[in-house]
Structure formats: structure tokens, C-alpha cells
Amino acid sequence: MQPLSLHDIHKTFGARRVLQGATLELNTGTCCLLTGANGAGKSTLLRICAGLEKPEAGYVDLGAGRIRWKRARRDLQRQSVYLHQQPYMFDSSVRQNLAYALHRHTDKATHQTRIDMALDWAGLTPIAHTWAKQLSGGERQRVALARAWLRSPNIMLLDEPTNNLDEEAKQRTLALLMSLKAQGIGLLIASHENNYFHRLADETLELANGQLTPRTATPHSIGNIVKLTSIRQATL
Amino acid sequence: MEHLFSATQTALGLLVSGNAELWAIIGISFRVSTTAILIAVLPAVLTAFVLSYARFTGRRLLISLFNTLLSIPAVVIGLSCYVLLSRQGPLGDLHLLFTQTAMVIGQVALCFPMLVAMGHSTFQAADKRAWETARTLGASPLYALLTVMHEVRFGLIAALLAGFGRIIAEVGASMMLGGNILHYTRNIPTAIALETSKGEFAQGIALGMVLLVMAFVLNSSLHYFQGKGQIVG
């Protein structure tokens, strides 16, 4: 299954051309690491993938061929979850933050069990009733991952998930990301900390001058567990 | 000084003894202003939200317009509504002038720009990640709006209280549109103005006390809930 496919994406902010023909395909259960200098457009690309930002040109293919942006945005938001560099915590407890991800689920009977599972999965059970805004950066990241996990997305889009975290928090976040990948969720991670993700990423792409170029493939991609097609440079 | 002391004593006596005329005036004031704020609040919050989160031509102009309307004197709003509702006006056939409905219309016109301007500032100051997080977690636009409103609830409540404070204490529009008719359109500020002009300070002071107590209760409630929001956890 191919949950995400973006073709020939262009985006400018004022006079600055951030993306100039980026093409990206990502399969379920794969991990793609997006690298590049600050301001290269990594976050913008992630936000387009999440349907939060509209590209000026290019199109999204989610298995049904070329579709209009309005529908593409709806589909992207339906099957992906975007995690900010500093995840936002709603003004409520950790448990209530997790419950938010289930607000559209009709099967209310299983809510508490699912939330308990998510708390356990992310190691959040001891702080389940803590006010989420009072958490540390690492704890917030785990709440955001657990919350996203409860939404059962096909793909997760993570913007600098290990930024500003201490070593222990980074390792815990990485372990959760590996677990997500093992569950078949596609991961697109924007980060400048390549070292942390070399075990996780199947492919590393560099974003420079608005274009994506593949970097050296990691051993995983040779094993073909994951198929992340590399990037086609669209003609301008 | 002695005169003021004596007037205050009489005012307290009127309040405590349950003076029917005085409490009728207080009742009219609260009924009219509460109705006005309830009518205005939902469209005002939605307008404020759209001005903060949507991008469309004329948005900045609208924001400037609402900020300008914020400083318009109540008497000018009263005059505009009077022209509309008077017999020769376009809405004259409705015969609303000198009724509580006319007062409500005037107060809605008065508090709507204030609620929009303050609501807009509140939404602008809100963390945009709240909306994006809600949407990315599958919330519909309406549910995401409710989520953001919950996140900025104290700012919105403050706007609501400020709006209510403005309309319950304004005299210009109420006087022009209501006509200050006893037991029908006489509210606290118009009664204070009338009694003071007659040199009858006691009732004016009593009604002024009610306004002060109301302002104190509303502000204390806001601080209490704000404190609760921060302490719980």
C-alpha cells in the first residue's frame, strides 16, 4: 500500500522559493529521514504532507490518481498525523490529551482500554493524571506520539522529534518510533540529527535548494523491508 | 460630606429593604443586557475566529473597522439606531422605539465590535499549534474551533465580561432608544442620570453600588476560574 505520494511540489514564501519540484513516495512500514539545513523547507514539506499547507503547484496521489487539493487535504489529514517540533499539549491531563485522539471513535466502550494501552506503550502510566502543560520536553514528545498512535494513522510526520531532548529522552523517543515502524506505520522524519535515526531510516533524503536528493541508503533499504522510492526531480 | 454620608445610608436602606422600584430597575438592566450579550456572543466569537484564522481579501480592513467601532461613543450608536427605528426610519414600521427590544438592539450594536475586537486579539495570541494539532488528530473544523475556544477560554471570558460591563453601564443608547420609562425601559444608568438631575442622590448611589458589586463579583469570578485553571494538575 502506498499511503503518500507527492509529485512536483512547489512552494514559495514571498520571494523565497522553498520547494521547487519535490517528488516523494512513501510506503507503509517505512521510514524516510529528511535532512537539510535550517530553513531548507523540511517543515514546509512535512506540513504539505499533513495537509496543513497548500502547495502552489504539484499534486498529491493517494492511490486514486491525481486529485484536487481540497480532497487531497482531506485525505492527507485522514491518514496522517503531524507532530510539531515542540508538540502542543491541550490544557488538560495527559489522559485527556490522549482521549482527544479518540473523539471521533464511535466505540466508546473500548476508549478507556485503548487509552490505558497507549499510556502503557509510551511509559506514561505514572503521569497519566498530570497536567500535560507541566510536562518536560521528552514527556511531551511521548504524549504526542501516544496520542498520534491512538489515531491509528497510516503515516506519521515528525518535525525534529529529538530536538532539545536529553540523551535518555532521545533514546526513549527513538524506541517508540521503532515500535511504530514495526507496526506498519510509515514515518517521515525531518531532522538534522542523522546519527540518531540511522538504525530507523530506510532512506535518507536531503532537501537543498528546494529539491530532494537521495543520500546513501542505509542497510535497511537493501533488505527491501521498506520500499521508499527515491525522488524524481520534476522538470521546472 | 455629611450629605453624602446620609445619602449613602439611605441608599443602603433602599437596597436592604427590597425597594420594589429600585429592584425593578435592576431587573430590567440585567434582563436587557444579558439578552444583548447572549445574542451578540456567538456571532462575535465566530467573526473573531474567522478574522484570526482565515485569509481573505478585506480582512485587514474589517479588523480596522471593528477596532474603530470599539471607540465609538454609546450615544452615537444610540443615535444611529434611533434613526433606523424612528417612525421615519427604515425600521419604523416595527414600532420598536422606546421598547426593551430597542435597548437590546442598541446594546448588541455596542458590544458586538468590542467582543469581536477582544476575541480577535485573544485568538491572535493563541498558539496556532492548538488548531493544527486538533485538525491533525481528526477534529472537524467545528470541533477544532471548540478546542481552540477551550484553550483560550479565559481571554474569551474576559472579553465577555468587558462587553457586559460596557453595556450594563452605558447611558446614551439606553436613554435614546428606551426613553427611560419607569417599570419598562428605565435601567440602572438611565435611572442614575435621572435621579442625579433631580438632586435625589440616594437611589443613584444605591444603583451605583449595585454596579460596583456586580463588577467586583464578575472580576473575582474570572480570577477564581483563571487560578483554578493553573492550579489544577
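Please refer to the structure higher up on the page.
Predicted, not measured: the structure shown is a model, and the values here were computed from it.

Novice: Can you explain the sheet that holds strand E8 (residues 186–190) of chain A? Please cite residues and give values.
Specialist: Adjacent strands of a sheet pair through backbone hydrogen bonds, lying either parallel or antiparallel. Residue and element names in this part refer to chain A. The strand order E6-E7-E8-E3-E9-E10 describes an open sheet built from 6 strands, whose pairing is mixed. Looking at strand neighbours, the two that pair on one side only are strand E6 (80–83) and strand E10 (211–214), the edges of this open sheet. Across this sheet, the average inter-strand angle for adjacent strands is 20°, counted without regard to direction. Pairing of strand E7 (residues 155–159) with E8 involves 5 bridges; the strand directions are parallel. From the neighbouring strand, Ile155 faces E8, where its bridge partner is Gly186. Lying over the sheet, helix H1 (residues 42–49) contacts strand E3 (31–35), E6, E7, E8, strand E9 (203–208) and E10, oriented at roughly 155° with respect to E7.

Novice: Describe the packing of helix H5 (residues 137–150) of chain A against helix H6 (residues 167–182) of chain A, listing the residues and the values that go with them.
Specialist: Residue and element names in this part refer to chain A. Contact pair H5 / H6: the axes reach a minimum separation of 9 Å and the direction vectors enclose 10°. Classed by the angle they form, the pair H5 and H6 counts as roughly parallel. Across from Gly138, Gln141, Arg142, Leu145 and Trp149 in H5, the residues of H6 making contact are Ala169, Arg172, Thr173, Leu176, Leu177 and Leu180. A breakdown of the residues in the contact of H5 with H6 according to their chemical character gives 6 nonpolar, 3 polar and 2 charged.

Novice: Please set out the state of the cysteines residue by residue, giving values where relevant.
Specialist: In a disulfide, the sulfur atoms of two cysteines are held together by a covalent bond. Going through the model one piece at a time under the given rule, you end up with 0 disulfides over all chains. Free of any disulfide, Cys81(B) has its nearest cysteine sulfur in Cys111(B), 11 Å distant.

Novice: Give a description of the pairing of E7(A) that names residues and reports values.
Specialist: With 5 of 5 residues buried, E7(A) lies mostly within the body of the structure. Since E7(A) and E8(A) lie parallel, the crossover through H6(A) that links them has a hand, and here it is right-handed.

Novice: Talk me through the layout of surface pockets; I want residue IDs and the actual numbers.
Specialist: Roughly 610 Å³ of volume is contained in the largest pocket. Together, 19 residues line the largest pocket, and Leu52(A), Arg73(A), Tyr53(B), Trp131(B) and Glu132(B) are the ones closest to its centre. Listing elements by their share of the lining of the largest pocket, those giving two or more residues are helix H2 (69–79) of chain A together with helix H2 (20–53) and helix H6 (128–136) of chain B. Across the lining of the largest pocket, the residue classes break down as 8 nonpolar, 3 polar and 8 charged. Of the pockets and cavities examined, the second largest pocket occupies roughly 340 Å³. Taken together, 13 residues line the second largest pocket, and the ones lying closest to its centre are Arg74(A), Gln77(A), Arg78(A), Arg104(A) and Gly138(B).

Novice: With reference to specific residues and values, describe the pattern of salt bridges.
Specialist: Per the counting criterion, the structure on display carries 12 salt bridges over all chains. Here Arg47(A) and Glu53(A) are joined by a salt bridge, their closest N and O atoms 3.0 Å apart. Residues Arg129(B) and Asp127(B) are paired through a salt bridge, measuring 2.5 Å at the closest nitrogen-oxygen approach. Under the relative-accessibility criterion, Arg129(B) is labelled partly exposed at 22%. The class of Asp127(B) is partly exposed, set by a relative accessible area of 29%. Residues participating in the shared-partner salt-bridge network are Arg71(A), Arg74(A), Asp75(A) and Arg78(A).

Novice: Before we move on, can you summarise the interface of chain A and chain B with the specific residues and values?
Specialist: At the junction of the two partners, chain A supplies 25 residues and chain B supplies 22 residues. At the boundary of chain A with chain B, total buried surface from both sides reaches about 2,000 Å², with 51% on carbon and sulfur atoms. It is Tyr88(A), Asp91(A) and Tyr100(A) in chain A that bury the most area against chain B; as a group they hold 30% of the surface buried on that side. Seen at the junction of chain A and chain B, the total is 3 salt bridges. Here Asp91(A) ties to Arg153(B) by a salt bridge, and the two come within 2.9 Å at their closest N and O atoms. For the pair chain A and chain B, the interface holds 12 residue pairs in polar contact (both at pLDDT 80 or more). Of all elements in the fold, only E6 and H5 of chain A reach the threshold of two or more residues within the side of chain A that touches chain B. The residue inventory of the side of chain A that touches chain B, partitioned by class, reads 11 nonpolar, 8 polar and 6 charged.

Novice: Break down empty space enclosed by the protein for me, citing the residues and quoting the values.
Specialist: In this structure the tally under the stated criterion is 1 cavity of 30 Å³ or more. Roughly 70 Å³ of internal volume is contained in the largest cavity. Looking at the largest cavity, the residues that line it are Val81(A), Tyr82(A), Leu83(A), His84(A), Pro87(A), Tyr88(A), Ala144(A), Arg147(A), Ala148(A), Thr133(B), Thr136(B) and Leu137(B). When residues of the lining of the largest cavity are traced back to their parent elements, those giving at least two are E6 and H5 of chain A together with H6 of chain B. Residue composition of the lining of the largest cavity, grouped by class: 8 nonpolar, 3 polar and 1 charged.

Novice: Which residues make up H2(B), and what values do they have?
Specialist: Note: α-helices contain 3.6 residues per turn, so residues at a spacing of three or four share the same orientation. Residues and elements named next belong to chain B. Over its 34 residues, H2 runs 49 Å from end to end, which matches the ideal 50 Å to within 8%, given 1.5 Å per residue. Its maximal kink placed at Val41, H2 deviates by approximately 35°, while the proline Pro43 follows within four residues. The N-cap residue of H2 is Asn19: its side-chain oxygen and the backbone nitrogen of Glu21 are 3.2 Å apart.

Novice: Could you give an account of the environment of Thr130(A), with specific residues and numbers?
Specialist: Relative to the helices and strands, Thr130(A) is located in the loop between helix H4 (111–121) and H5. Here Thr130(A) falls in the partly exposed class, since its relative accessible area comes to 22%.

Novice: Which residues make up the packing of aromatic side chains, and what values go with them?
Specialist: Where two aromatic rings form a pair, the distance of their centres and the angle of their planes describe that pair. Residue and element names in this part refer to chain B. Counted by the stated rule, this structure contains 12 aromatic pairs over all chains. When the centroid spacing of 6.2 Å and the interplanar angle of 50° are considered together, the rings of Phe30 and Phe164 count as tilted. With Phe30 in helix H2 and Phe164 in helix H8 (residues 153–169), this residue pair connects regions lying 134 residues apart in the sequence. A relative accessible area of 27% places Phe30 in the partly exposed class. Here the aromatic rings of Phe49 and Phe123 are separated by 5.3 Å at their centres, their planes lie at 80°, and the arrangement is edge-to-face. Note that Phe49 is positioned in helix H2 and Phe123 in helix H5 (residues 100–125), a separation of 74 residues in sequence. For the pair Phe49 and Phe123, one class covers both residues: buried.

What counts and what doesn't
Residues numbered from 1 in each chain as written. Chains lettered and ligands numbered in written order. Predicted model: local features only at pLDDT ≥ 70, side-chain atom pairs only at ≥ 80, totals over all residues. Heavy atoms only, no water. Pairing = 2+ DSSP bridges. Helix = DSSP H or I, 4+ residues; strand = E, 2+ residues; numbered from the N terminus. Axes fitted to C-alpha atoms, helices over the stretch in contact; angles between N-to-C directions. Contact = heavy atoms within 4.5 Å. Parallel < 35°, antiparallel > 145°, perpendicular 65-115°, else oblique. Nonpolar A, V, L, I, M, F, W, Y, C, P; charged D, E, K, R; others polar. Disulfide = S-S within 2.5 Å. Buried < 20%, exposed > 50% of the residue type's maximum accessible area, 1.4 Å probe, protein only. Right-handed = clockwise from strand over helix to strand, strands pointing away. 1 Å grid on protein atoms, 1.4 Å probe; cavity = no way out; pocket = protein on both sides within 12 Å on 5 of 7 lines; lining within 4 Å. Points joined across faces, edges and corners; volume = space filled by probe spheres on them. Salt bridge = Lys/Arg side-chain N within 4 Å of Asp/Glu carboxyl O. Buried area = accessible area lost by both parts, 1.4 Å probe. Polar contact = N/O pair within 3.5 Å; in protein donor to acceptor, adjacent residues only side chain to side chain. Expected span 1.5 Å × (residues − 1). Bend = angle between axes of the 7 residues up to and from the residue. Phe/Tyr/Trp six-rings, centres within 6.5 Å; stacked < 30°, edge-to-face > 60°.

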